[in-house]
Amino acid sequence: MDQLSTGVPVMIHLETHIKQDQDVSDYRLDVDGQLVQMGHNLYLRYLEPNKETGEQTPVTMKFTPEGDVHLTRNAEAELRLHFVSGKRVTARYNTPYGMLPIETVTPYLETSFKEKPFSGNVKIDYLLYANDDLVGNYKIRLQFTA
């Protein structure tokens, strides 16, 4: 685990299932990333490509010892989500037009990590709310391997 303090390159496989009203979409991504340990937290960082614009969005997932997961996407609009199993949590969505109050409800959250080779498996099912209205139902499935 010592090499984690300086960062370890990882291969990431991400699948996201999104249901908004009657629209359903699936997103898959295979990308290189980096895993870093800072204090007791693990940070998974990668660049998410946008096929339409060619730009890349920095994404960070923070894993705490308590089992919480923080997801940050730094694009034109900054999104900060916090997932706590079984809880409703206030989050931040900072758009060019101002701050939009949002909340996540996470009915299912599972993280597991192995040391040799270092790898991880993350499963998050969450509901996203804006102004108490349900925006969508999301499922994230992420695996990484050093």
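For the structure, check the block above.
Residues numbered from 1 in each chain as written. Predicted model: local features only at pLDDT ≥ 70, side-chain atom pairs only at ≥ 80, totals over all residues. Heavy atoms only, no water.

Chemist: Quick rundown of the pairing of strand β8 (residues 98–114)? Include the residues and the values.
Modeler: Summarising the sheet, strand β7 (residues 88–95) and β8 pair through 8 bridges and their orientation is antiparallel. Within the sheet, the bridge partner assigned to V89 lies in β8 and is T104. Once β7 ends, the chain turns through 2 residues before running back antiparallel as β8. As defined by bridge partners, β8 adjoins strand β9 (residues 119–130) across 11 bridges and the pair is classed as antiparallel. Counterpart to T104 in the pairing with β9 is L128. (Pairing = 2+ DSSP bridges. Helix = DSSP H or I, 4+ residues; strand = E, 2+ residues; numbered from the N terminus.)

Chemist: Help me get a handle on the nonpolar core, residues and values and all.
Modeler: Counting residues in hydrophobic clusters, the biggest one holds 31 residues, and the most contacted among them are L44, L81 and I124. Among residues more than four places away in sequence, those in contact with L44 are V10, I12, Q34, L35, V59, T60, M61, F63, L142 and F144. (Core = buried A, V, L, I, M, F, W, Y, C linked by side-chain atoms within 4.5 Å. Buried < 20%, exposed > 50% of the residue type's maximum accessible area, 1.4 Å probe, protein only. Contact = heavy atoms within 4.5 Å.)

Chemist: Which residues make up the environment of V105, and what values do they have?
Modeler: Its place among the elements puts V105 in strand β8. A C-alpha to C-alpha distance of 31 Å links V105 and V8, two positions 97 residues apart in sequence. Apart from residues lying up to four places away in sequence, V105 is in contact with K87, R88, D125, Y126, L127 and Y129.

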